[in-house]
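Results of the structural survey
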Amino acid sequence: KTRCHRSSSHSHLRPAQEERYAFLTEWFDPIAAVLRCFQLFYYPNDGSVEMFDMKKQQKFLKRIKYDDLDPKDLFIGNRVKVFSRQLNLMDYGDEYTANKLGSKKERTLALIKPDAVTKIGEVLEKIYASNLIVTKAKMTKLTWSQAADFYAEHQSKPFFNNSVHFLSSGPVVAMELMGDEAVSAWKKFLGPAESSGAQREAPQSARAQFGTDGIRNFGHGSDSLAAAARELEFFFPSTIGYGPPNTATYTDSTCCIIKPHAIAEGKETNPNSSVAFFNVDRANAEEFFEVYKGVVPEYNGMVNELCSGACMALEILDTDQQQSFRDLCGPADPEVSRLLRPNTLRALFGKDKVKNAVHCTDLPEDRVLEVEYFFKILDG
């Protein structure tokens with residue numbers, strides 16, 4: 001594939017009197033099966049957008065107000081939708097944008113310890129409320145050796161053995177968070193390391209509300225940008241290797257996908273087996289939903305929605321041949337759900353047949369296949 005590069009010839013076109021952010025973006029044209037490169041311009045004063053075709057060196061979309069683009073989603077590596085096109089934000093389009101938006105953006109590791117994994121839905125709600133974004137996530141079970149490697153810098157400390165033992169005692173959820181000053185924002189969310197101290201000094205913090213002591217204290221946060229880089233590499237390696245494996249069992253389970261629109265609105269739930277975040281590309285979305293092609297008129301919309309942003313995949317342990325979880329989801333059409341099953345997930349959080357909050361496995365024979373698709377193929 002041809003990759004896009006910043007065009008110096010167009011990067012100077014920022015009006016002197018009006019603030020404008022520029023981004024280098026890629027869009028996969030499914031009809032021509034090629035990557036197309038655009039500069040996306042966003043005007044924060046009125047929320048308008050403009051697009052410039054870098055290959056043809058001409059305006060592609062004239063400036064127009066667009067309320068569906070949230071400024072907090074404008075960061076490198078994210079995917080945004082502009083008039084039905086899924087644009088990958090590859091780079092800043094000019095130095096002004098890089099200096100203005102990039103200087104405070106940080107990535108940090110948020111690790112939910114075994115005592116708090118059941119609180120993950122509540123945690124995710126508060127993360128989004130803090131203007132932080134989850135860009136990667138997985139549930140995993142560390143071995144004693146892996147936990148010791150993670151805590152290696154504390155090997156000489158008296159709490160080392162107890163910390164390693166507890167961290168390896170059950171599933172943990174590792175997340176990469178991104179946002180303005182993410183390192184300090186997550187540390188503030190956690191509160192002081194000792195739960196009793198947190199109750200005195202920061203009673204609203206997670207450790208004050210959910211922690212027990214200095215080890216069973218809800219979660220871990222990176223102390224610095226350097227520590228964040230090292231710890232993120234441990235769970236989400238950028239080089240060859242996949243880090244600690246997920247906790248999927250592929251037995252007596254069914255697949256649940258919390259769709260991008262619901263993730264963006266903070267409508268997460270608590271998994272009972274495994275969980276991971278994914279940014280699904282179009283080819284994978286088409287493959288996953290292939291069984292619906294030519295069967296349901298919403299097929300193209302379902303594909304577009306699944307690859308429109310981050311989604312959360314969950315393995316739900318369901319020994320009742322998946323029926324109980326399907327009952328919890330409700331009918332595929334949220335309007336029907338609200339009439340017939342008002343307490344179901346789709347009734348409560350769905351908008352229409354495409355943005356209906358969650359996907360659940362429809363056929364019994366597809367249960368393990370769908371779980372394997374996300375937790376073995378996409379996460380492999």
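Remember, predicted model here, so these are calculated numbers, not experimental data. (Residues numbered from 1 in each chain as written. Predicted model: local features only at pLDDT ≥ 70, side-chain atom pairs only at ≥ 80, totals over all residues. Heavy atoms only, no water.)

**A closer look at the sheet that holds strand β5 (residues 79–82)**
Put simply, the test is: Strands are treated as partners if at least two bridges between them are detected by DSSP. Put simply, DSSP H or I for four residues or longer makes a helix, DSSP E for two residues or longer makes a strand, and each gets a number counted from the N terminus. Lines fitted to C-alpha atoms define the axes here, with helix axes fitted over just the stretch in contact, and angles between the N-to-C directions of these axes take values from 0 to 180 degrees. Throughout, a residue-residue contact means that at least one pair of heavy atoms, one from each residue, lies within 4.5 Å.
Strand order in the open sheet made by the six strands is β4-β3-β2-β1-β6-β5, with antiparallel pairing throughout. On the outer flanks of this sheet lie β4 (58–65) and β5, each paired with one strand and no other. Put simply, the sheet's adjacent strands are angled 35 degrees from each other on average, direction ignored. Inspection of the sheet shows strand β2 (residues 34–43) paired to strand β3 (residues 48–53) by six bridges, in the antiparallel sense. Counted as the bridge partner of Gln39 is Phe52 from β3. Against the sheet, helix α1 (residues 95–102) engages β1 (21–29) and β6 (85–92), with an angle of about 100 degrees to β1.

**Examining the UniProt feature "domain: DM10" (unreviewed entry) in the protein chain**
This is how it is decided: UniProt positions are given in the numbering used here, feature names are shortened, and annotations may be inferred rather than shown by experiment.
Following the UniProt record, one finds the feature "domain: DM10" (unreviewed entry) at residues 17–105. Secondary structure within residues 17–105 divides into 9% helix and 52% strand; the distance between the first and last C-alpha atoms comes to 25 Å.

**Describing the pattern of salt bridges**
Operational definition: A side-chain nitrogen of Lys or Arg and a carboxyl oxygen of Asp or Glu constitute a salt bridge if their distance falls within 4 Å.
Applying the stated criterion across every chain, the model contains 17 salt bridges. Among the ionic pairs, Arg36 bridges to Asp29, the shortest N-O distance being 2.9 Å. With its nearest N and O atoms 2.9 Å apart, the salt bridge here joins Arg230 to Glu153. Residue Arg230 is located in helix α8 (residues 225–235), and its partner Glu153 is located in the loop between α3 (144–150) and α4 (160–167); the two are separated by 77 residues in the primary sequence. What you see here is one network of salt bridges that share partners, running through Glu18, Asp46 and Arg63.

**Side note on the side chain of Ser222**
We apply this condition: Three exposure classes are used, based on accessible area relative to the maximum for each residue type with a 1.4 Å probe and protein chains only: buried under 20%, partly exposed in between, and exposed over 50%. Distance and chemistry together define a polar contact, namely a pair of N or O atoms within 3.5 Å, with one atom able to donate a hydrogen and the other to accept it when in protein, and with adjacent residues in sequence counting only for side-chain atoms on both sides.
Secondary-structure assignment places Ser222 in the loop between β10 (219–221) and α8. Looking at Ser222, the relative accessible area reads 1%, which means it is buried. There is a polar contact of 3.4 Å between the side chain of Ser222 and the backbone nitrogen of Leu109. Among the polar contacts listed, one links the side chain of Ser222 to the side chain of Glu231, at a separation of 2.7 Å. For Ser222, the contacting residues outside a window of four places in its chain are Thr108, Leu109, Val183, Lys187, Ala227, Ala228 and Glu231.

**Side note on the pairing of strand β13 (residues 311–317)**
Counting buried residues in β13 gives six out of seven residues, a clear majority hidden from the surface. Sheet topology note: the strand β11 (residues 253–258)/β13 ladder contains six bridges and is antiparallel. Considered in β13, the bridge of Cys256 is made with Leu314. Direction of pairing for strand β12 (residues 274–278) relative to β13: antiparallel, over a ladder of five bridges.

**Considerations on unusual backbone geometry**
For residues that are not glycine, phi is negative in most cases, and the peptide bond is trans in most cases. Its identity is not glycine, yet Gln57 carries a phi of approximately 55 degrees, on the positive side. Looking at Gln57, the relative accessible area reads 40%, which means it is partly exposed. Of note, the phi angle at Phe218 is positive, near 80 degrees, even though the residue is not glycine. Within the element layout of this structure, Phe218 appears in the loop between α7 (206–210) and β10.

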